[in-house]
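# Coordinate inspection notes
Here are the chains, one letter per residue:
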Amino acid sequence: MLRSRLRPLPVLVAMAITALAAGCSSDSQRTDAAAETNPEPPSVASVDDPETRLAITYDGGVLVLRAADGEVLADEAMAGFIRVNPAGDERHVLVSAPGSFTAFDLGAWTADHGDHGHSWADDPELTEFTIAAEEPGHVVSHHGQTTLFDDATGTMTSFETHELADLSRSQPELTTHQADDAHHGVAVRTHAGGWLHTVGTSESRSGVRVVSPSGAKVASSEQCPGIHGEAFAGEVAVFGCEDGVLLVDGRTIEKVPAPDGYGRIGNQAGSETSPYVLGDYKTDPDAELERPTRVSVIDTGTASLRLVDLGTSYTFRSLGRTPSGDGLVLGTDGSLHVVDMAGAKVSTSLPVVEPWREPVDWERPRPALEVVGETAYVTEPASRELHVVDLTTMKVSATHELPETPNELVGVTG
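Residues numbered from 1 in each chain as written. Predicted model: local features only at pLDDT ≥ 70, side-chain atom pairs only at ≥ 80, totals over all residues. Heavy atoms only, no water.

To continue, consider the overall build of the chain. Summing up its helical and strand segments, the chain has one helix and 34 strands in all. Across the 414 residues in the chain, those meeting the buried criterion constitute 52%. Intrachain contacts of the chain at a sequence separation of at least 6 include 49% that bridge at least 24 residues. Within the structure as shown, the chain displays about 17,500 Å² of accessible surface, and the carbon and sulfur contribution to it stands at 47%. (Helix = DSSP H or I, 4+ residues; strand = E, 2+ residues; numbered from the N terminus. Buried < 20%, exposed > 50% of the residue type's maximum accessible area, 1.4 Å probe, protein only. Contact = heavy atoms within 4.5 Å. Areas by Shrake-Rupley, 256 points an atom, 1.4 Å probe, with all protein chains shown as cover.)

Paired through their backbone hydrogen bonds, the strands of a sheet run either parallel or antiparallel. Spatially, β10-β11-β12-β13 is the arrangement adopted by the four strands of the open sheet, whose pairing is antiparallel. Because the sheet does not close on itself, it has two edges, and the strands there are β10 (136–142) and β13 (175–178). Neighbour-to-neighbour, the strand axes of the sheet open up by a mean angle of 20°, direction not taken into account. (Pairing = 2+ DSSP bridges. Axes fitted to C-alpha atoms, helices over the stretch in contact; angles between N-to-C directions.)

V62, M78, V84, V93, V95, F104 and L106 are the most contacted members of the largest nonpolar core, which has 17 residues in total. The dominant element in this core, judged by the number of residues it contributes, is strand β5 (residues 92–97), at three residues. In terms of nonpolar packing, the next biggest core, distinct from the first, is built from 15 residues, V140, L196, F239 and C241 among them. (Core = buried A, V, L, I, M, F, W, Y, C linked by side-chain atoms within 4.5 Å.)

Below, the discussion takes up the packing of aromatic side chains. Between two aromatic rings, the relevant description is the distance of the centres plus the angle of the planes. Tallying each qualifying case throughout the model produces three aromatic pairs. Ring geometry for F81 and W362: centres 5.4 Å apart, planes at 85°, overall edge-to-face. Of this pair, F81 sits in the loop between β3 (72–77) and β4 (83–86) while W362 is found in the loop between β29 (345–351) and β30 (369–372), placing the two residues 281 residues apart along the sequence. Taking the relative accessible area as the measure of exposure, W362 reaches 41% and is therefore partly exposed. With 5.7 Å between their ring centres and 85° between their planes, F129 and F159 make a pair best called edge-to-face. With F129 in strand β9 (residues 125–132) and F159 in strand β12 (residues 155–160), this pair connects stretches of sequence that are 30 residues apart. Both residues of the pair, F129 and F159, count as buried. Grouped by ring-pair contacts, the aromatic residues F81, F316 and W362 constitute a single cluster. Residue placement shows R91 over the ring face of W109; its charged tip is 4.7 Å from the ring centre. (Phe/Tyr/Trp six-rings, centres within 6.5 Å; stacked < 30°, edge-to-face > 60°. Lys NZ or Arg CZ within 6 Å of the ring centre and 35° of its normal.)

What follows deals with the state of the cysteines. Tallied over the full model, the rule gives one disulfide. Bridging C224 to C241, the disulfide has an S-S length of 1.9 Å. Given an S-S torsion of about -105°, the disulfide between C224 and C241 has left-handed geometry. Taken together, the residues C224 in the loop between β17 (217–221) and β18 (228–233) and C241 in strand β19 (residues 236–241) connect sequence positions 17 residues apart. You can call C241 buried: its relative accessible area is 0%. (Disulfide = S-S within 2.5 Å.)

With that out of the way, let us pick up the confidence of the model for the chain. Caution applies to low-pLDDT regions: their predicted coordinates should not be interpreted in detail. On average, residues of the chain score 88 in pLDDT, and 86% of them are at 70 or above. Every residue in residues 1–47 scores below 50 in pLDDT, and together they form 96 contacts with partners more than four places removed in sequence or on other chains. In this model residues 113–118 is a low-confidence stretch, pLDDT under 50, and it forms 20 contacts with partners more than four residues away in sequence or in other chains. (pLDDT = per-residue confidence, 0-100.)

Now for the sheet that holds strand β21 (residues 252–257). The sheet built from four strands is open, its strands ordered β18-β19-β20-β21 with antiparallel pairing. This sheet does not close on itself; its edge strands, each paired only once, are β18 and β21. Taking the axes of each pair of neighbouring strands and ignoring which way they run, one obtains an average angle of 25° across the sheet. Of the strand pairs in this sheet, β19 and strand β20 (residues 244–249) are connected by five bridges, and their pairing is antiparallel.

Take a look at the structure:
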């Protein structure tokens, strides 16, 4: 098993950036003639041989796996509670650790500067591109922008996602915006270059605000108590509330009420190809840990909400979407349930893991679902396994043993 030396992540934006494309084979070395005919560095679009890879956190670090065969390509030791978030470029993930977000290059592709855009997989590497955050929170990638939220300060930091492509040459240019009060929030950049972000304090959260690039308020709503999470259905942003959801489309904000007085939706899964968003659904405001058995289907086209009874509970790491827009829910009964979003019903189910029970502590490992293309990846902490599900056939196509107990899971396609 590969293991890196334990090291603390830096807490300031790094001025030195780790090279992504170091170490090319001799047959790909650049000649003078090639330099003359291809003087510009290749773009991300020139990559034609990407390799799907997975980042899996555990108590003590992050594993990087080749998805095709489950081989562990890297084991980066880290201190503290570690989380991983998609960076948006299908090569990097952003690692949340105490004090910072740091870009982890999974090496899913390497731009070849000497072979007219040909590509190959590279070694994973934790880069030195780091953004300070006292309490790193949500990461959102949308419309070519990646936006990070610091819950302790209310600071939002954004950069153009494509600027991660070659950290050896330059680091992304950062743009920041400040919330009125620090809170557990989320933010995203708008088409106009402004910000769409949550509103709240350390004690409560109440809604969203749309601001212009200069910071002037464009639109807002305070009708979303306990606002949490976000997902997109095309260009419509969906934010969960304790009594339904908010739909934000440009400057238009619309509330979709829950069928219950308290109907909390805090985690959502969206799709660029579907007007529907899949959400969780809880109805007990006094529960220490509610284990819900229904999910919500939000139709952004009609501004309506329906509930689907799964007959089993699930957790915030259980939600996903297929490429065609169906919903996916990993139940505590051990099955992966496919939700027909238009019909608001379960269409089929596939047993994948052994039945399990959600731990009270949200940081503790539990089975997690990640969808990459036509494949779903499901972790099973109890057995230290990763199961591979072919969504076209709805069959478990492979199972890989893991050297550590898995917690969070993120995949990149390259």
